[in-house]
Amino acid sequence: MTDQELVDRATEAMKYSYSPYSHFRVGAALLAADGCVYTGCNIENSSFSVTNCAERTALFKAVSEGVHDFQAIAVVGGTDGDRKDFSYPCGVCRQALTEFCGPDFRVILGKADGEIRVHTLEELLTGSFTLREVLLHEDV
Ligand code: THU
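Residues numbered from 1 in each chain as written. Predicted model: local features only at pLDDT ≥ 70, side-chain atom pairs only at ≥ 80, totals over all residues. Heavy atoms only, no water.

> Break down the pattern of salt bridges for me, citing the residues and quoting the values.
Scanning all chains against the criterion turns up three salt bridges. With a closest N to O distance of 2.8 Å, Asp3 and Arg106 form a salt bridge. With Asp3 in helix α1 (residues 3-14) and Arg106 in strand β4 (residues 106-110), this residue pair connects regions lying 103 residues apart in the sequence. Relative accessible area serves as the criterion here: at 31%, Arg106 is assigned to the partly exposed category. For the salt bridge of Lys111 with Asp113, the shortest nitrogen-to-oxygen distance reads 3.2 Å. You can call Lys111 buried: its relative accessible area is 16%. Residue classification places Asp113 among the exposed residues on the basis of a relative accessible area of 55%. Among the charged side chains, a salt-bridge network with shared partners connects Lys111, Asp113 and Glu115. (Salt bridge = Lys/Arg side-chain N within 4 Å of Asp/Glu carboxyl O. Helix = DSSP H or I, 4+ residues; strand = E, 2+ residues; numbered from the N terminus. Buried < 20%, exposed > 50% of the residue type's maximum accessible area, 1.4 Å probe, protein only.)

What follows is the structure, given as structure tokens:
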């Protein structure tokens, strides 16, 4: 799976964005270690704080199917889905990804003109908070 292919999957997923309040549509495609892709979109709610971001939709779909090992996530977004600028994962999504993904996990951002930017999760959430090594057994 190339970065461009993963961005394309995120762009497809953005079609399902439910964003009647912000009109900011986001799509994500999460690549698992075994090569499977889990997609997600943002899902808004009239009680705004209930809104779920595209990245967490994809992550929670995968985890709810027993998948915990991931390579990369592609994210696209924009007002009415224009993908004019890179759409970065919010802080909550960075933290959610950190629960399951290591520092070298790749975050791939795409935009409409075809430009792709790649970050590691460590770059986006330096010195992140985790209790994983302390509280959990290695096999979880
Ligand atoms: N959003 C995402 O889906 N992912 C992010 O990382 C940032 C924000 C969504 C939430 C809301 O539906 C819209 O973008 C505007 O904040």
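> Kindly report on the sheet that holds strand β5 (residues 116-120), identifying the contributing residues and their values.
Here five strands make up an open sheet; going across it, the order is β2-β1-β3-β4-β5 and the pairing mixed. The strands lining the two open edges of the sheet, one partner per strand, are β2 (37-41) and β5. Strand-to-strand twist of the sheet, defined as the mean angle between neighbouring strand axes without regard to direction, takes the value 20 degrees. Sheet topology places strand β3 (residues 70-79) next to β4; four bridges connect them, and they run parallel. Counted as the bridge partner of Val75 is Leu109 from β4. The strands touched by helix α2 (residues 54-63) within the sheet are β1 (24-32), β2 and β3, with β2 carrying the most contacts at an inclination of about 140 degrees. (Pairing = 2+ DSSP bridges. Axes fitted to C-alpha atoms, helices over the stretch in contact; angles between N-to-C directions. Contact = heavy atoms within 4.5 Å.)

Note that all results are geometric; they support no functional claim without further evidence.
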